Amino acid sequence: MVYDAFVLLSFGGPEKPDDVMPFLRNVVRGRGVPDERLAEVAEHYYHFGGVSPINQQNRDLLAAVGKDFAANGVDLPTYWGNRNWHPMLADTVARMRDDGVTHALGFATSAYGGYSSCKQYWEDIANARAKVGPGAPVISKLRQFWDHPGFVGPHKNAVRAALATLDESRRETTRLVFTAHSIPLSMAKTAGPTGGRYEAQLHETARLVAGHDDWDLVWQSRSGPPQVPWLEPDINDHLEALKERGVTDVVVSPIGFVSDHLEVIWDLDNEAAETAKRLGLGYARAATPGIDPQFVTMVRELVQERTDGAPLKRLGTLPVWDDCPVPCCPPPQRRGA
Ligand SMILES: CC1=C(CCC(=O)O)c2cc3nc(cc4[nH]c(cc5[nH]c(cc1n2)c(C)c5CCC(=O)O)c(CCC(=O)O)c4C)C(CCC(=O)O)=C3C
Ligand SMILES: [Fe+2]
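Please read these numbers as outputs of a predicted model, since none were measured by experiment.

Caption draft 1: Quick look at the site of ligand 1. With respect to spatial proximity, 22 residues lie near ligand 1, and among them Gly13, Ser52, Ser223, His261 and Leu262 are the closest. Mapped by element, the contributors of at least two residues to the shell around ligand 1 are helix 1 (20–27), helix 5 (115–132) and helix 10 (262–265). A class-by-class count of the residues in the shell around ligand 1 yields 9 nonpolar, 11 polar and 2 charged. Viewed by domain, the shell around ligand 1 spans two of them, domain 1 (5–144 + 293–307) and domain 2 (149–285), each represented by three or more residues.

Set out below in structure tokens:
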């Protein structure tokens, strides 16, 4: 297979206050979510001036990846397109077609399997290509990377650095807590070709990052109506439970994420940090990979697996695959459908 471009696939986020509501309507399109619920979420964005950090983080990542490609003889032009906000993937695919691209490799900013984190990026690609029509380049999505050393390594270093900020005399009662985006139980059950893969991969990543088995994996950022069950416990409830068990300090490592976007700076640095403060728990939030050189190198290595048949770099043992087997990871039930 000959590839002639690289495209970064991401979620997208607003970059000014007027973007916020249209962005949120894009996120939940077709799902019958009332504007009042979106207005609540919008407040989190307004708290940061209506600017999500995610787009700038993707610009920084794309620049670092382009530099790394050039330094290592990977001769592919780089592009970037989002699911929910500009630059929208369909516009990017049109530009790629105009530039003569025929077959690109796509890197999605999510390490795990499941509908929201993987399958929906395949749908984004299909929708964008359908919108562009004849001549739209083929895009092959690069594999999930939950156990790649370039993803595990930065998280591991970040946990060590966060731990070092807490009182050493309380190590015995300091707890390591990993977090990831909660998803509906129905989505968790059907994640990956045989189901349950989102949680299984997160457990594997947590074990690899910690280097031992003495930690908790909990969930953050749940949304949706309260009668629909999502993965639990929520990080805030878990902090309460830890306090009751005699824990004095927590390191919170957001292994569910690749950069410090809004779910991290609001739900962890604001909400969970507040909860910890109220409970009198010492609290240190570990960094996400962002543009850590190991993570940037990983992106190139995933490309080289495809272009040069380079060996897969992996630390875990769960099965991995390139293209999603069909059918897997069905979309959630539409409300009112
Ligand atoms: C697994 C997962 C990831 C990680 C994988 C990945 O990174 O792809 C992720 C990332 C993100 N989620 C984000 C934002 C939002 N997610 C929402 C809603 C939802 N997320 C879900 C799951 C995930 N989400 C689900 C099952 C829903 C409900 C159904 C739906 O509506 O799809 C809503 C709707 C409002 C609400 O009800 O809360 C918003 C605004 C941002 C951008 C942050 C920024 O701006 O910096 C990012 C990176
Ligand atoms: Fe989300």
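On we go.
Caption draft 2: Representation of the pairing of strand 7 (residues 249–253). In terms of residue burial, strand 7 counts as a mostly covered element, since 4 of its 5 residues are buried. Direction of pairing for strand 5 (residues 174–181) relative to strand 7: parallel, over a ladder of 5 bridges. Residue pairing in the sheet places Phe178 in a bridge with Ser253 of strand 7.

Caption draft 3: Highlighting the pairing of strand 3 (residues 103–108). Within strand 3, 5 of the 6 residues are buried, which leaves the element mostly enclosed by the surrounding structure. Relative to strand 3, strand 1 (residues 5–10) is paired through 5 bridges, and the arrangement is parallel. Residue Phe6 lies in a different strand from strand 3, and its bridge partner there is Leu105. Pairing of strand 3 with strand 4 (residues 138–141), which is carried by 4 bridges, proceeds in the parallel orientation.

Caption draft 4: Looking closely at helix 4 (residues 89–98). What helix 4 keeps buried is the set Leu89, Thr92, Val93 and Met96. End-on, the buried residues of helix 4 take up no more than an arc of 100 degrees, which puts them together on one face. Of the surrounding elements, those touching the buried residues of helix 4 are strand 1, strand 2 (78–82), strand 3 and helix 5.

Caption draft 5: Representation of the packing of helix 3 (residues 54–71) against helix 12 (residues 293–307) in the model. Viewed as axis vectors pointing N to C, helix 3 and helix 12 meet at an angle of 60 degrees, and their least axial separation amounts to 9 Å. Here helix 12 runs oblique to helix 3, going by the angle between their axes. As helix 3 packs across helix 12, the resulting crossing turns out to be right-handed. Touching Ala64, Val65, Asp68 and Phe69 of helix 3 are Val296, Thr297, Val299 and Arg300, all from helix 12. Its residues assigned to classes, the contact of helix 3 with helix 12 comprises 5 nonpolar, 1 polar and 2 charged.

Caption draft 6: Seen up close, the UniProt feature "binding site: Fe-coproporphyrin III" (unreviewed entry) in the chain. Residues annotated by UniProt as "binding site: Fe-coproporphyrin III" (unreviewed entry) correspond here to Ser52 and Tyr121. Relative to the elements of secondary structure, Ser52 occurs in the loop between helix 2 (35–46) and helix 3. The class of Ser52 is buried, set by 25 C-beta atoms lying within 10 Å. When near neighbours in sequence (up to four residues on either side) are disregarded, Ser52 contacts Gly13, Pro14, Tyr45, His261 and Leu262. With respect to the helices and strands, the residue Tyr121 is situated in helix 5. C-beta crowding within 10 Å serves as the criterion here: with 24 such atoms nearby, Tyr121 is assigned to the buried category.

Caption draft 7: View of the sheet that holds strand 2. Here we have 4 strands laid out as an open sheet, ordered 2-1-3-4, and parallel in their pairing. Each of the sheet's edge strands pairs with one partner strand only, and the pair in question is strand 2 and strand 4. Across this sheet, the average inter-strand angle for adjacent strands is 30 degrees, counted without regard to direction. Running over the sheet, helix 5 touches strand 1, strand 2, strand 3 and strand 4 and is turned about 175 degrees from strand 4.

What counts as what
Residues numbered from 1 in each chain as written. Chains lettered and ligands numbered in written order. Predicted model: local features only at pLDDT ≥ 70, side-chain atom pairs only at ≥ 80, totals over all residues. Near = placed C-beta within 6 Å. Helix = DSSP H or I, 4+ residues; strand = E, 2+ residues; numbered from the N terminus. Nonpolar A, V, L, I, M, F, W, Y, C, P; charged D, E, K, R; others polar. Domains from an automatic or database assignment. Buried ≥ 20, exposed ≤ 12 C-beta atoms within 10 Å, placed from the backbone. Pairing = 2+ DSSP bridges. Arc of directions from axis to C-beta. Contact = placed C-beta atoms within 7 Å. Axes fitted to C-alpha atoms, helices over the stretch in contact; angles between N-to-C directions. Parallel < 35°, antiparallel > 145°, perpendicular 65-115°, else oblique. Left-handed = near helix turned anticlockwise from the far one by under 90°. UniProt positions renumbered as here; feature names shortened; annotations may be inferred.

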